[in-house]
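# Inside the fold
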Amino acid sequence: MKRNKKMIIVLTVVFLLTFSFVSSATTLEIIANGTEGGKNGPIIEFYKYTLKPAFEDYMKDQGKDVTLEVIETAVPDADYKTRITLDMRAGRGPDVISFDQFWLASFVEAGLLEPLEYYSSDYSNWEGWNNFNEGVKNMMAFNDKMYGFMKNTDLRMIYYNKEIFRKANVKKWWAWQPESWEDLLNTARKIKEEMPDVTPLQLNAGEQMGEATTMQGFYMALLGAGGRLYDQSAGKWVVKSNALLDTLELYETIYVDEKLGDGNLQVSLNARDKTFEQYKNNEIAMLVEGIWFWTSVIKPDAAWGIKHRDSKIGWAAMPAQEPKAGINEQDYVSISGGTGWVPSPSTDNRELTWELLKFLNSKEMKLEILEINPGIPARNDVAESDMIQSDPYMANIAPALSENTTARPGFSEYEQVSRQVQIMTGEVVTGNLTPEEALDKYAQEVTRIVGEDKVMEK
Amino acid sequence: MREVKKVILRLLYNLLVVVLSAFFVLPILWLIFTPFNENPTLALQFPLNPTLENFSKVIENDYAIAAFKNSLIQSFGATFLVLFLASLAAYAFSRVELPGKNIIMYILVLFSSIVTGIAAMVPLFFLLLRVGLIDTHLGVILVFSGGFLPTAVFLLKDFVDSISTSYEESAIISGASKFQIFKDIIFPLSRPGMVVIGVYTFVQVWSNFLIPFLFLRSEGKMPASVAIYSFTNQVGMPKIDLISTYSLLYTIPVIALYLFANKKYGFRFYGGLKG
Amino acid sequence: MKILSKRKAIFFVLPGLALIFVFLIFPAIWSLFLSLTNYSLLQDSLEFVGLDNFFRMFTDSRFWHSLNLTFQFVLGSAVIGQVALGLLLAIILRNTQGIMKKLLNGFAVASWIIPSVVVAYLWGAFLDVDYGLLNRIVGLVGMNSKDWLTQYPMPVIIIWNSWRGAAFSMMLFTSALQTVPPSYLETADVIGASFWDKFKDILLPSLKNYIGTDLILITLWTFNLFTPFLLTKGGPANATEILPIYTYNEAFKYMRFGYGSAVSVVMLLINLIFALFYFRSMKGGNG
């Protein structure tokens, strides 16, 4: 009797399960570190109210019943990364993951990602590729294989306060453009002299700033001195070079010798937020930052919004140490990063995941994204759109800087090396160590991270 | 002379009491006043025109409000499980002589610091995954319970030690079973200790972010400690008005629990803990 | 009379021990094993590296820096800021009546039970360089505003943790003081003993064991406390990177779980040494 009852229950459950699988829609999941109305709110709202209905309709037209579920989780970035890493390591989790471009190398080397051909055998035949900007597209490539898509990308430059420049009688304050480091420093000196209450120049340093130190600060100087962190041809990390030393000396000049910048601010708690606050309050004259700073931080109605941003704030390209002294003999330098999407190998629906990615990267969707997350578009047809062309800032920076930009080295050790860069610059700007001492320590630490055989001196 | 010295000492003593009180009061004032301000900032402002608008804005966030239910499930779940299992074990440890039991218990307490710490998160994740407890309240409750049990046993044993065995002896003579003795004598008598440990466990679970965040997946199961991060702006900075209000709401239950426990049972380490 | 036989005791202990075994001992042993490997979430294979992680740790100046900070933190905020302050508070509560007693007790306990994230926001506001209450108070005395978390990071987290935790010791000692017969102290008053004499000759000996238990628990908790991270993230630079934060950075930020586990093992051993030291000194005093 008892056994029969059990059998009946088991059969019912099996039946129900089978039935539900047959009848219910396939569900795809997409995750981002954000929540409606909060952190990264606009992109979450785009997923929920634009992408979801559009994609579901699109699939329905093809006779497929697909539900797109948006997973919201607004937490500190490090925790988001831990969560997706744990899930991927366990072979579970959402189908499409919002992903920072500079995590790519380490995730691929860890075997957590599969190239796009894993999801669709004819991925390379997608007509959308023809419209992609080759450089931006390749930011999600590793060892010649594609792993995902960039949402868009960015560029870095000097944002200067024209009002301060005018008051300090800087020449050509309305269209200022330094041609060398000395030029840049002279402007800073002039401001310090004329307006002692203003911090002339902030070039990011220290661990508090995190990746913003490496990208907005250190790299912008290093590339201008013609240096790199990684030597592509030798396949080694550069732990000592004149360019590295010149870069650190630039920091020393700015923060220690001439006090043209505020070194304590760089290493203070929540340094980046404080810097934004001071910038907004006209307390900082020049700040090296990325596009995001213009489009999200000082956007007139944003948290640190500047009311008359377009007329009050100007931008200039970051000059090389001397004209033609930059990387590839450039006069100006910039570096790019950004976020994008990768498919998760644990998906049960590879083809559908590929469909979703294609849809997400169509011109139509990319235009929607551009509106909420402005940047240098990944697609040329989007770059040519009115939205970009009618925005004087966006229309100007891309042609001026795109050919001068480069990307971070895509290696799994990058993140740890980057942390050493942050420590090293922090030690210099606080005056704890001289450039030589800091570089010695850096060389030692990096050697330990990547191994004796993968470092070189230049 | 002696009188003067006495007065000065008395004054100094009072000054000390005032300074210590201020030390504990001052940082908390912000939490009490800020949510009722129209335009809250990081500055302490007394709400001259108190408003409840921040509260109505917070209540609109369904996710964050539902999170309280989850916090209650996880905190009460872990607290009851810890209290039940710890009191059983503490009783046995107290009444039976085992060589080196203090050391054994202390070593368990030591181990618990690894597990409630950081490095064991990955082993725990894969353990829960293997037994199918990822994304369940039960999984979170079991991890917390495993972490807090040793400390609970360690503290409770001392309470039980302080209960005279004469009650139990007379109960045995009148033929009561071991479990009856435990239920009718030990459990009620060690109640002050249970209250202290219960409140301690509850507060720890209520505050913890990392364990529920890593071991849960569904938004619908996340507790308030995770949901509080939804009150940030687009770039992830806290919105002072909403976060201060939610903080107050998030704090009230633990304060209420303490006041209730204190009133009903007396929140004291009554006679326990002799080391 | 024997209250409980050893055989029956097993049934009382078993359910708790089973849970402890599965969710505590097992993952802890797993961590011990990981400490001998190069395990990382961002690595495909797991290699057994022997004691490499430990050698690496002992040659990392950052580890020693962190260990040094941890000792300062434990000495400052556990031994002085919680055990000693807790004892002082308990004595004050015993000698104070009325509203002051309620206020002091109530807010000390509140500091202890407010959720950590909330405490982080509270102290963030309290210490804020431009708006914070503390700067307004020091302003009254004519001092300049300070960026406390940047200028005095270690003292701040030590004071913060004393504020946060003193209530536990206070409650423990309040109960303990009730076991001291009031007649002893009255007699002492009659013979005109000073406060210090009373403390040294009456209170201290009768509280000795309580102080021992409290020291053990508080030291252990403080040594493993991660929550200062919410206040300082270990910074500025690495000025407040105590060992739990160091472990977090290594394990989570850089996904080096093998190395992170090794740090945990060292922390465990240091705690064990503390414990043995306390147990011994308590026993020694009794004998």
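These numbers come from a predicted model, not from an experiment.

Here is what the cut-offs are and how they apply
- Residues numbered from 1 in each chain as written.
- Chains lettered and ligands numbered in written order.
- Predicted model: local features only at pLDDT ≥ 70, side-chain atom pairs only at ≥ 80, totals over all residues.
- Heavy atoms only, no water.
- Helix = DSSP H or I, 4+ residues; strand = E, 2+ residues; numbered from the N terminus.
- Rg over C-alpha atoms; globule rule 2.2 N^0.38 Å.
- Buried < 20%, exposed > 50% of the residue type's maximum accessible area, 1.4 Å probe, protein only.
- Pairing = 2+ DSSP bridges.
- Right-handed = clockwise from strand over helix to strand, strands pointing away.
- Patch = residues over 30% accessible without salt bridge, like charges linked within 9 Å, V, L, I, M, F, W, Y side chains within 5 Å.
- Areas by Shrake-Rupley, 256 points an atom, 1.4 Å probe, with all protein chains shown as cover.
- Salt bridge = Lys/Arg side-chain N within 4 Å of Asp/Glu carboxyl O.
- UniProt positions renumbered as here; feature names shortened; annotations may be inferred.
- Contact = heavy atoms within 4.5 Å.
- Axes fitted to C-alpha atoms, helices over the stretch in contact; angles between N-to-C directions.
- Buried area = accessible area lost by both parts, 1.4 Å probe.
- Domains from an automatic or database assignment.
- Phe/Tyr/Trp six-rings, centres within 6.5 Å; stacked < 30°, edge-to-face > 60°.
- Lys NZ or Arg CZ within 6 Å of the ring centre and 35° of its normal.
- Parallel < 35°, antiparallel > 145°, perpendicular 65-115°, else oblique.
- Left-handed = near helix turned anticlockwise from the far one by under 90°.
- Nonpolar A, V, L, I, M, F, W, Y, C, P; charged D, E, K, R; others polar.

## Points about the overall build of chain B
Each helix and strand in chain B was counted, giving 12 helices and zero strands. Taken from N to C terminus, the helices and strands of chain B fall in the order α-α-α-α-α-α-α-α-α-α-α-α. In summary, chain B has a C-alpha radius of gyration of 23 Å against a globular reference of 19 Å for 275 residues, an excess of more than 25%. For chain B, the spread of C-alpha atoms along the three principal axes comes to 75 × 70 × 35 Å. With 275 residues in all, chain B has 56% of them scored as buried.

## A closer look at the pairing of strand E2 (residues 66-72) of chain A
Residues and elements named next belong to chain A. Of all the seven residues making up E2, five are buried; the element is thus mostly covered by neighbouring parts of the structure. Taken together, the seven bridges between strand E1 (residues 26-32) and E2 define a ladder with parallel strand orientation. Following the sheet pairing, Ile-30 is matched in E2 by Val-70. Each parallel crossover has a hand, and the one from E1 via helix H2 (residues 41-61) to E2 is right-handed.

## Things to note about a nonpolar patch on the surface
Together, B:Val4, B:Ile8, B:Leu9, B:Leu12, B:Leu15 and B:Val19 make up an exposed nonpolar region whose accessible area comes to about 560 Å². Its place among the elements puts B:Leu15 in helix H1 (residues 2-33).

## Some words on the UniProt feature "transmembrane region" (unreviewed entry) in chain B
Residues and elements named next belong to chain B. As recorded in UniProt, the feature "transmembrane region" (unreviewed entry) lies at residues 12-33, 72-91, 103-126, 138-156, 193-215 and 243-261. Spanning residues 72-91, this segment combines 100% helix with 0% strand, and its end C-alpha atoms are found 28 Å apart. Secondary structure content for residues 243-261 is 100% helix and 0% strand, while the C-alpha to C-alpha distance between its ends is 28 Å.

## Let's talk about the sheet that holds strand E3 (residues 96-100) of chain A
All names here are of chain A. Pairing in this open sheet of five strands is mixed, and the strands run E2-E1-E3-E16-E6 from one edge to the other. Either end of the sheet is taken by a strand with one partner, and the two such strands are E2 and strand E6 (149-150). Where E6 and strand E16 (residues 339-343) come together, two bridges link them in antiparallel fashion. Of the residues in E16, the one forming a bridge with Met-150 is Gly-340. Seen against the sheet, helix H3 (residues 77-89) touches E1, E2 and E3 and runs at an angle of roughly 130° to E3. Across the sheet, helix H14 (residues 350-360) is in contact with E1, E2, E3, E6 and E16; its angle to E1 comes to roughly 50°.

## Things to note about the interface of chain A and chain B
If you look at the interface, chain A gives 25 residues, while chain B gives 22 residues. For the pair chain A and chain B, the summed buried area comes to about 1,900 Å², and 66% of that belongs to carbon and sulfur atoms. A per-residue breakdown of the area chain A buries against chain B is headed by A:Arg83, A:Leu86 and A:Arg92, which together make up 27% of the total. Along the contact surface separating chain A from chain B lie one salt bridge.

## Points about the domain arrangement of chain A
Residues and elements named next belong to chain A. The assigned domain composition of chain A is domain 1 (2-147 + 338-403) and domain 2 (156-336 + 409-457). Each of domain 1 and domain 2 has a C-alpha centre, and the two are 33 Å apart. Each partner contributes to the interface: domain 1 provides 19 residues, whereas domain 2 provides 16 residues. Taken together, the two surfaces of domain 1 and domain 2 that pack against each other cover about 1,400 Å², and 69% of this comes from carbon and sulfur. Three residues stand out in domain 1 for area buried against domain 2, namely Phe-102, Tyr-393 and Leu-401, and they jointly supply 45% of the buried area on that side.

## A few points about the packing of aromatic side chains
Residues and elements named next belong to chain A. In total, this model carries 70 aromatic pairs over all chains according to the counting rule given. Among the aromatic side chains, those forming a connected cluster through ring pairs are Tyr-159, Phe-276, Tyr-279, Trp-292, Phe-293, Trp-294, Trp-304, Trp-315 and Tyr-393. A cation over a ring is seen here: Lys-137 above Trp-129, with NZ or CZ 4.8 Å from the ring centre. Over the face of the ring belonging to Tyr-118 we find Arg-350, whose NZ or CZ atom lies 3.7 Å from the ring centre.

## As for the interface of chain B and chain C
Opposite the 92 residues of chain B that make contact, chain C presents 91 residues. Among the elements that line the side of chain B that touches chain C, the one with the most residues is H1(B), at 15 residues.

## With respect to the packing of H1(B) against helix H3 (residues 61-95) of chain C
It is the contact of H1(B) with H3(C), at a shortest axis distance of 12 Å, that shows an interaxial angle of 120°. Of the possible angle classes, the one that applies to H1(B) and H3(C) is oblique. Along this stretch, H1(B) crosses H3(C), giving a crossing that reads as left-handed. Taking contact as the criterion, the partners of B:Tyr13, B:Leu16, B:Val17, B:Leu20, B:Phe23 and B:Phe24 in H1(B) are, on H3(C), C:Leu85, C:Leu88, C:Leu89, C:Ile92 and C:Asn95. Residue classes in the contact of H1(B) with H3(C) are distributed as 10 nonpolar, one polar and no charged.

## Looking at the domain arrangement of chain B
Residues and elements named next belong to chain B. One can read the domain layout of chain B as domain 1 (1-51) and domain 2 (61-265). Here the C-alpha centroids of domain 1 and domain 2 sit 33 Å apart. Counting from both sides, the interface comprises eight residues of domain 1 and, opposite them, seven residues of domain 2. Contact with domain 2 buries area across many residues of domain 1, yet Leu-31, Pro-35 and Pro-40 alone supply 67% of it, more than any other trio. Taken together, domain 1 and domain 2 are joined by zero salt bridges. Grouping the amino acids of the side of domain 1 that touches domain 2 by side-chain chemistry returns six nonpolar, two polar and no charged.

## As for the sheet that holds strand E13 (residues 313-316) of chain A
Residues and elements named next belong to chain A. The mixed open sheet is built from four strands, whose spatial order is E9-E12-E8-E13. Both outer strands of the open sheet, strand E9 (199-202) and E13, are each paired with one neighbouring strand and no more. Across the sheet, the mean angle separating the axes of adjacent strands is 25° when strand polarity is ignored. Two elements, strand E8 (residues 156-161) and strand E12 (residues 284-290), share five bridges in a ladder whose sense is antiparallel. Of the residues in E12, the one forming a bridge with Tyr-159 is Leu-287.

## Quick look at the environment of B:Ile134
Positionally, B:Ile134 belongs in the loop between helix H5 (121-130) and helix H6 (137-161). For the pair B:Ile134 and B:Phe215, spaced 81 residues apart in sequence, the C-alpha to C-alpha distance is 5.5 Å.

## Let's talk about the packing of H3(A) against H5(B)
Pairs of packed helices are described in terms of their axes, by the angle between the two and the distance that separates them. Interhelical geometry of H3(A) versus H5(B) gives an angle of 45° and a closest axis separation of 11 Å. The angle between H3(A) and H5(B) falls in the class oblique. Seen from above, H3(A) lies across H5(B) with right-handed handedness. Note on element contacts: H5(B) touches H3(A) through B:Val122, B:Phe125 and B:Phe126, opposite A:Leu86, A:Asp87 and A:Arg89. Residue composition of the contact of H3(A) with H5(B), grouped by class: four nonpolar, no polar and two charged.

## Some words on the pattern of salt bridges
As a working rule, side chains carrying opposite charge can pair if their charged atoms are close by. One pass over the structure, following the stated rule, counts 35 salt bridges over all chains. Salt-bridge contacts for A:Asp87 lead to B:Arg217; the nearest nitrogen and oxygen are separated by 2.8 Å. Here the residue A:Asp87 occupies a position in helix H3, and B:Arg217 occupies one in the loop between helix H10 (210-215) and helix H11 (224-227), the pair thus bridging two chains. Where A:Arg419 meets C:Glu250, a salt bridge forms, and the shortest distance between an N and an O atom there is 3.3 Å. Highlighted residues: A:Arg419 in helix H19 (residues 414-429) and C:Glu250 in helix H12 (residues 243-253), drawn from two different chains. Assigned by exposure class, A:Arg419 and C:Glu250 land together as buried. What emerges from the salt-bridge pattern is a single network uniting A:Glu207, A:Arg419, C:Arg62, C:Glu241, C:Glu250 and C:Arg256.

## Some thoughts on unusual backbone geometry
Residue and element names in this part refer to chain A. In this structure, Asn-40 is a non-glycine residue whose phi angle is positive, near 45°. With respect to the helices and strands, Asn-40 occurs in the loop between E1 and H2. The class of Asn-40 is partly exposed, set by a relative accessible area of 34%. Here the phi dihedral of Lys-259 falls at roughly 50°; this positive angle occurs in a residue that is not glycine. Within the secondary structure layout, Lys-259 lies in the loop between helix H9 (242-257) and helix H10 (263-267).

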